[in-house]
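# Understanding the architecture of this molecule
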Amino acid sequence: MRFRLLNVYLLAGLSAASCGSTEGRFTVANRATEPIKQIVVTICGQTIALGPIDPQRTAVGAYNVTSDSHFVIDLTFVSGKTLHKEDGYVTNGVAYRHEIVVKNSEITLVVIEVS
């Protein structure tokens, strides 16, 4: 009977640990020749809006990795020009660091660290 109770407690503990979330972080690096008015990053059901970001500057965002997800990135430059990108992959229980590199006509997502 004790062995069964121990198994139940162990399974409950493992289930509770797997339901937690891990923090993910990303840095937006503006390598374009004009300022970013706003960049909106959606991941794991969360929306993070950053900006303005001047050329050759960076901004940092964070989110909770609560599920399997990918990045949806929408960007508007000060001029009104827009860029859109869907890329990357995160999974619950893993901490991620990404860099979102913005150039005049493209957005690139780079994995910096997975732990």
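Conventions used here
- Residues numbered from 1 in each chain as written.
- Predicted model: local features only at pLDDT ≥ 70, side-chain atom pairs only at ≥ 80, totals over all residues.
- Heavy atoms only, no water.
- Helix = DSSP H or I, 4+ residues; strand = E, 2+ residues; numbered from the N terminus.
- Pairing = 2+ DSSP bridges.
- Axes fitted to C-alpha atoms, helices over the stretch in contact; angles between N-to-C directions.
- Phe/Tyr/Trp six-rings, centres within 6.5 Å; stacked < 30°, edge-to-face > 60°.
- Buried < 20%, exposed > 50% of the residue type's maximum accessible area, 1.4 Å probe, protein only.
- Salt bridge = Lys/Arg side-chain N within 4 Å of Asp/Glu carboxyl O.
- Contact = heavy atoms within 4.5 Å.
- Core = buried A, V, L, I, M, F, W, Y, C linked by side-chain atoms within 4.5 Å.

### Section: unusual backbone geometry
- Across the junction of Gly51 and Pro52, the peptide omega takes the value 0°, indicating a cis bond.
- Looking at the element boundaries, Pro52 is found in the loop between strand S3 (46–50) and strand S4 (58–65).
- Phi is positive for Cys44, which is not a glycine, with a value near 55°.
- Relative to the helices and strands, Cys44 is located in the loop between strand S2 (36–43) and S3.
- Not every positive phi belongs to a glycine, and Gln56 is a case in point at roughly 65°.

### Details of the sheet that holds strand S7 (residues 96–102)
- Taken together, the four strands give an open sheet; going across it, the order is S4-S1-S7-S8, and neighbouring strands pair in mixed fashion. For this open sheet the edge positions go to S4 and strand S8 (107–114), each flanked by a neighbour on one side alone. Averaged over all pairs of adjacent strands, the angle between strand axes in this sheet comes to 20°, irrespective of strand direction.
- Summarising the sheet, strand S1 (residues 22–30) and S4 pair through eight bridges and their orientation is antiparallel. Looking at the pairing, Thr27 lines up with Val60 of S4.

### Considerations on the packing of aromatic side chains
- Tallying each qualifying case throughout the model produces three aromatic pairs.
- Where Tyr63 meets Phe71, the ring centres are 6.0 Å apart and the plane angle is 85°; that geometry is what we call edge-to-face.
- Residue class for Phe71 comes out buried when judged on its relative accessible area of 0%.
- Counting every residue linked through ring pairs, the aromatic cluster contains Phe26, Tyr63 and Phe71.

### Some words on the environment of Gly80
- The topology assignment puts Gly80 in the loop between strand S5 (69–77) and strand S6 (82–90).
- Placed 44 residues apart in sequence, Gly80 and Ile36 show a C-alpha to C-alpha distance of 9.4 Å.

### As for the pattern of salt bridges
- Counted according to the given criterion, the structure contains two salt bridges.
- When the shortest N-O distance is used, the salt bridge between Glu23 and Arg25 registers 3.2 Å.
- For the salt bridge of Arg97 with Glu113, the shortest nitrogen-to-oxygen distance reads 3.0 Å. Here the residue Arg97 occupies a position in strand S7, and Glu113 occupies one in strand S8, the gap between them amounting to 16 residues.

### Considering the environment of Cys44
- We classify Cys44 as buried; its relative accessible area is 10%.
- It is 7.9 Å that separates the C-alpha atoms of Cys44 and Tyr63, two residues lying 19 residues apart in sequence.
- Those residues in contact with Cys44 that sit more than four places away from it in its chain are Asn64, Val65, Thr66, Ser67, Ser69 and Val90.

### Structural notes on the nonpolar core
- Formed by 26 residues in total, the largest nonpolar core has its most connected members in Phe26, Val28, Ile39, Tyr63, Phe71 and Ile100.
- Dropping the residues within four chain positions of it, Ile100 is found in contact with Phe26, Thr27, Val28, Ala29, Ile39, Val41, Ile73, Ile107, Thr108 and Leu109.

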